[in-house]
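As a plain string of letters, each chain reads:
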Amino acid sequence: MRFRAAIVEQFLTEAAPDILCLQETKVVDDDFPFDLFRAAGYEHIIIHGQRMHHGVAIASRVPIVEDDRLDWQANAEARHVGVRLPNGVRLENVYIPAGGDVPDREVNPKFGQKLDFLGRMIEWSGKLDCPTILTGDFNIAPLESDVWSHKQLLDVVSHTPIEVETLASLQASNDWVDLGRHFIPAPQRLYTWWSYRAKDWAASDRGRRLDHMWATRDVAEKAIGHRVFEGCRSWLKPSDHIPIMTEFDF
């Protein structure tokens, strides 16, 4: 978070979202750069930090009340924070584990942890009974048009059949609306992540859609637009992920 404070500040200035959800902040709560956000008008900040790894945060111009910090990883990793908005809508910010490199839970325990994490989310989602937005780094690109090459990535973690099937089960568990694909329907190209390994990410364009914005049906009906800030990938000291933003008419 501190390493990329300048581009976060730039994004807040240029895009001016009412609420910003961050994942992988990598700072303990005491080290979070509160002053940066407050100077930009984001007085309401809820964080769930962890040194060096993970960490999530929500910064808002409108009042928010902390609602929950769910341990879907079952090991106390800081991967979720949820708040309630003044209109009663619940906002859940999640950082789903990447899952390691090998898509086999026997060989790679991290992959099993990712699937189990999603399983706990499915159980939570099935019991959900209030208007909710679910957003964050899901670390799964579910559709063929969500990746640069469906065939070449079938055995690559983030696009394997079992991950796609499990994410589909999560979506079906509460009839979630995938707002990215609601506004930018498949088979249109839609990516939010490009590896640092590419010398020229834009030229190679080997992207994946790992970041998502979902909403329960009652909230999705209020969505009026969705933006993908691909240009941010070219900013100084960029993240390998880019911001997404959905506008609602509440």
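Right, let's walk through the structure included here.

Cut-off values and rules
- Per chain, residues are indexed from 1 in the order of the written sequence.
- With pLDDT at 70 or above as the cut-off, local features in this predicted model cover only qualifying residues; side-chain atom pairs require 80 or more to be listed or tallied, and sums for whole chains, interfaces and linings still use all residues.
- Values shown for side chains rest on all heavy atoms present in the structure; no hydrogens or waters enter the calculation.
- One bridge is not enough; two strands pair if DSSP finds at least two bridges between them.
- Strands here are runs of E lasting at least two residues and helices are runs of H or I lasting at least four, both read from the DSSP assignment and numbered beginning at the N terminus.
- Fitted lines through C-alpha atoms serve as axes, helices being fitted only where they are in contact, and the angles separating the N-to-C directions of these axes extend from 0 to 180 degrees.
- Salt-bridge detection follows one rule: a side-chain nitrogen of Lys or Arg within 4 Å of a carboxyl oxygen of Asp or Glu.
- Relative accessibility decides the category of a residue: with a 1.4 Å probe and only protein chains considered, values under 20% of the type maximum give buried, values over 50% give exposed, and everything between is partly exposed.

Time to look at the sheet that holds strand β2 (residues 44-48). Taking strand neighbours across the sheet as the criterion, the three strands line up as β1-β3-β2 in an open arrangement whose pairing is antiparallel. Of all the strands in the sheet, just β1 (19-23) and β2 have a single pairing partner and so form its edges. Pairs of neighbouring strands in the sheet enclose a mean axial angle of 10°, with direction left out of account.

All right, on to the pattern of salt bridges then. As a working rule, side chains carrying opposite charge can pair if their charged atoms are close by. If you walk through the whole model with that rule in mind, you get 16 salt bridges. Note that R79 and E77 form a salt bridge whose closest N and O atoms lie 2.7 Å from each other. Grouping residues by exposure puts R79 and E77 together as buried. Between E230 and R189 there is a salt bridge, with its nearest N and O atoms 2.9 Å apart. A residue pair is termed long-range when its members are at least 10 positions apart, and E230 in the loop between β12 (223-228) and β13 (244-248) and R189 in the loop between α6 (179-183) and β9 (193-194) qualify at 41 residues. The partly exposed category is assigned to E230, whose relative accessible area is 26%. Through salt bridges with shared partners, a single network forms among D67, D68, R84, R90 and E92.

Function cannot be read off these values alone, since they describe shape.
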